Amino acid sequence: MFINHYNNFQRSSYNEGVRKYLLIILVALAVGTAFYAIKNTNVTKVITEIGQSKIYVQKDSNADFFPDWTAEDLLAKINAAREASGASTLKSNTKLDQAALARLSVILTENDVDGAKTGLTSSKVLTSVDYDASMVGELILTSFFKTNDPIAFWDSNASFVSTLNYKDFQEVGIAIKNSTDRVDIYVLLVTPRKIIKQAIVPQVTWGGPDLWAVINKRRVEMGVNPLKQMDLLCTIASIRLNELLQLGKLDGHEGFVPVLERSDLKDQTANYNISEFLIQGYQTPEAAVDAWENTMGHKALLAGGEYVWGCVYAQNTFGVAIAAY
């Protein structure tokens, strides 16, 4: 009976050893496969796959139980510390959580703290989750005892505490891996890039004919004759408008007299009393005419009954009206 009992015990021990050995081989294969996948799969796919799963470690039922840390509890501690330092609280962001999980995974599986080995830097994972940041910070804890205080640990390091309390950070992503009595943490603190919306400027579609029609309409309303178009005055208006467009601003009529005295125009211009009226920056021809009417010296274009002929050229809110008698 003693011999049989010993043989049974020996076979049982042998079988148990085989099972443990096979288990070790299977675990090694699984870990190796995970390493290969992270190193040889594109960044977006890795982040997607990691984001769809949770980092989990089987607890030893014989060990003392330490409650799992949660992202919510850790964020509460971080925000309490920031408020105490005078900084604003951080808001969680699901895209940043996904990016943080990817960074924690390569830190733990590849010991790639800065991302240089796998290419999964903080900037890279942010791009992969379609998040545009202007400032990024990281807080990391590995194999940290659950009974210890993470804020106290970060406060003891000048670099970490400056990151923790940086006032411009607004959003955060947190990844946590719990084991029996320890925890691994990666916190991604971010200042989102501000998108400056350009003011929508109404497109200017009016030109010379529109301005000409409004001018004559207003002249009739003010009891004077509408202007009659003259080719000579259109030539002058065209030349002056081109000069102002090239200059990019009004010239205070400095170019007006030189045009009148051009050799090809002087013989004709000498026969008339010619005036120039300039305008710029108005979105409608009505607004331009209203500005002329309420500007000293320009109201004559609309109320001056002496003027008989005229012509108007306009483009890009620049307007040139030439009137004569």
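Residues numbered from 1 in each chain as written. Predicted model: local features only at pLDDT ≥ 70, side-chain atom pairs only at ≥ 80, totals over all residues. Heavy atoms only, no water.

Chemist: I tried to follow the sheet that holds strand 5 (residues 228–229) on my own but got confused; where do I start?
Modeler: The pairing of strands in a sheet comes from backbone hydrogen bonds and takes either a parallel or an antiparallel form. Across the sheet, which stays open at both edges, the four strands sit in the order 5-7-8-6 with mixed pairing between neighbours. Since the sheet does not close on itself, it has two edges, and those belong to strand 5 and strand 6 (274–279), each with one partner. In this sheet, strand 8 (residues 318–324) lies alongside strand 7 (residues 309–315) in antiparallel orientation, the contact comprising seven bridges. By the bridge assignment, V312 is partnered in strand 8 with A321. (Pairing = 2+ DSSP bridges. Helix = DSSP H or I, 4+ residues; strand = E, 2+ residues; numbered from the N terminus.)

Chemist: Would you take a moment to explain the sheet that holds strand 2 (residues 133–145) for this structure?
Modeler: Overall, mixed pairing links the four strands, which are arranged 1-3-4-2 in an open sheet. What marks the edges here is a single partner per strand, and that holds for strand 1 (91–92) and strand 2. Packed on one face of the sheet, helix 3 (residues 71–85) meets strand 1, strand 3 (171–178) and strand 4 (182–192) and runs near 130 degrees to strand 3. Lying on the sheet, helix 4 (residues 94–110) is in contact with strand 1, strand 2, strand 3 and strand 4; it crosses strand 3 at an angle near 40 degrees. (Contact = heavy atoms within 4.5 Å. Axes fitted to C-alpha atoms, helices over the stretch in contact; angles between N-to-C directions.)

Chemist: How do you make sense of the state of the cysteines when you look at a structure like this?
Modeler: Covalently bonding the sulfur atom of one cysteine to the sulfur atom of another cysteine gives a disulfide. Per the counting criterion, the structure on display carries one disulfide. Here C234 engages in a disulfide with C311; their sulfurs sit 2.0 Å apart. Here the disulfide of C234 and C311 is right-handed, its torsion about the S-S bond being about 95 degrees. In this pair, C234 sits in helix 9 (residues 231–247) while C311 sits in strand 7, placing the two residues 77 residues apart along the sequence. Overall, C311 belongs to the buried group, its relative accessible area being 2%. (Disulfide = S-S within 2.5 Å. Buried < 20%, exposed > 50% of the residue type's maximum accessible area, 1.4 Å probe, protein only.)

Chemist: It is not clear to me how the pattern of salt bridges should be interpreted in this structure. Could you clarify?
Modeler: Once their charged atoms are close, side chains differing in charge can pair, the charge on each being opposite to the other. Under the definition given, this model contains 13 salt bridges. The residue E138 makes a salt bridge to R103 at a minimum N-O spacing of 3.1 Å. One end of the pair, E138, is in strand 2; the other, R103, is in helix 4, with 35 residues separating them in the sequence. Residue E243 pairs with R240 through a salt bridge whose shortest N-O separation is 2.7 Å. Here E243 pairs with R240, and both are found in helix 9, just three residues apart, close to one helical turn. Overall, the relative accessible area of 31% leaves E243 in the partly exposed class. Residues joined by salt bridges that share partners form a network here, namely K217, R218, E221 and E293. (Salt bridge = Lys/Arg side-chain N within 4 Å of Asp/Glu carboxyl O.)

The values are spatial; any link to function lies outside them.
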